[in-house]
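Listed here are the chains, written in short residue letters.
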Amino acid sequence: MERSLVLVKPDGVQRALIGEVIARLERRGLRLVAAKFIQVSKQLAETHYAIHKGKAFYEGLISYITSAPVMAMVWEGPNAIAAIRQTMGSTRPTEAAPGSLRHDFALEVGRNLTHASDSVENGASEVALWFKPEELVNWNREIDEWIFEK
Ligand code: IDP
Ligand code: MG
């Protein structure tokens, strides 16, 4: 079972799209593990986006993610990493597949609504960065056997 960190970034929160993001992930069959609504500190932002340090958009990215509250969540499921990134759409909204969140609700790469982990390993490390172990809820749903094959 793969796990991904999912963020509704400040633009998604300001535009009242938290529910839209959650609805699409729920509808896909993914299972919610944790959620919290927080103001991101500069320190957390810099650790989370350390891989982008030095790039031209880095400073703008840090001020974007710390500009207003975010909805931070953990979602899990088989193939969760690929499934969630597909539901989000490509990083650049004009390259995102029709029907994806970034296609349907965004125009610019610097205001692309969401974050999702890009690999199983990064999913695990991002979940550990954003959440304490006791904030993660292990649970089963009645419908799991109709969505998860095993
Ligand atoms: P991802 O969020 O789809 O994984 P990354 O390449 O990891 O995309 O970039 C992280 C975030 O940095 C993007 O979601 C976007 O908000 C921002 N970003 C990436 N490239 C650019 C750019 O060229 N200009 C402005 N912001 C960018
Ligand atoms: Mg990324």
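Located above this text is the structure these notes cover.
Residues numbered from 1 in each chain as written. Chains lettered and ligands numbered in written order. Predicted model: local features only at pLDDT ≥ 70, side-chain atom pairs only at ≥ 80, totals over all residues. Heavy atoms only, no water.

Section: the site of ligand 1
Around ligand 1, a shell composed of 13 residues is seen, among which K9, H52, R85, T91 and N112 lie nearest. The separation between an oxygen atom of ligand 1 and a polar side-chain atom of R92 is 3.2 Å. Separating an oxygen atom of ligand 1 from a side-chain N or O atom of N112 is a distance of 2.8 Å. Its free accessible area being 530 Å², ligand 1 has 78% of it covered by the protein chains. (Near = heavy atom within 4 Å. Polar contact = N/O pair within 3.5 Å; in protein donor to acceptor, adjacent residues only side chain to side chain. Areas by Shrake-Rupley, 256 points an atom, 1.4 Å probe, with all protein chains shown as cover.)

Here we look at the pairing of strand β1 (residues 2-8)
Across the seven residues that make up β1, a large majority, five, are buried. Where β1 lies against strand β3 (residues 70-77), seven bridges are found, and the strand directions are antiparallel. Residue pairing in the sheet places V8 in a bridge with M71 of β3. Taken together, the three bridges between β1 and strand β4 (residues 114-116) define a ladder with antiparallel strand orientation. By the bridge assignment, V6 is partnered in β4 with A116. (Buried < 20%, exposed > 50% of the residue type's maximum accessible area, 1.4 Å probe, protein only. Helix = DSSP H or I, 4+ residues; strand = E, 2+ residues; numbered from the N terminus. Pairing = 2+ DSSP bridges.)

Notes on helix α5 (residues 80-88)
All of the buried residues along α5 are A80, I81, A83, I84, T87 and M88. Two residues or fewer after α5 comes G89, characterised by a positive phi angle close to 95 degrees.

Some details on the pattern of salt bridges
Counted under the stated rule, the structure contains eight salt bridges. One salt bridge connects R24 with E20, and the closest N-O pair in it is separated by 2.8 Å. Pair noted here: R24 and E20 are both in helix α2 (residues 18-28), with a separation of four residues, about one helical turn. Classification of R24 by relative accessible area gives buried; the value is 13%. Classification of E20 by relative accessible area gives partly exposed; the value is 28%. Among the ionic contacts, a cluster of salt bridges with common partners joins R3, R31, E76, R141 and D144. (Salt bridge = Lys/Arg side-chain N within 4 Å of Asp/Glu carboxyl O.)

Considerations on the sheet that holds strand β2 (residues 31-38)
On the basis of which strands lie adjacent, the open sheet formed by four strands has the order β2-β3-β1-β4 and antiparallel pairing. The two strands at the open ends of the sheet, each matched to only one other strand, are β2 and β4. Neighbour-to-neighbour, the strand axes of this sheet turn through a mean angle of 15 degrees, independent of strand direction. One ladder, built from seven bridges, connects β2 with β3; its direction is antiparallel. In the sheet register, F37 faces β3, and the bridge partner there is M71. Packed on one face of the sheet, α2 meets β1, β2, β3 and β4 and runs near 0 degrees to β3. Helix-sheet contacts for α5 involve β1, β3 and β4, and the interaxial angle to β1 is about 25 degrees. (Axes fitted to C-alpha atoms, helices over the stretch in contact; angles between N-to-C directions. Contact = heavy atoms within 4.5 Å.)

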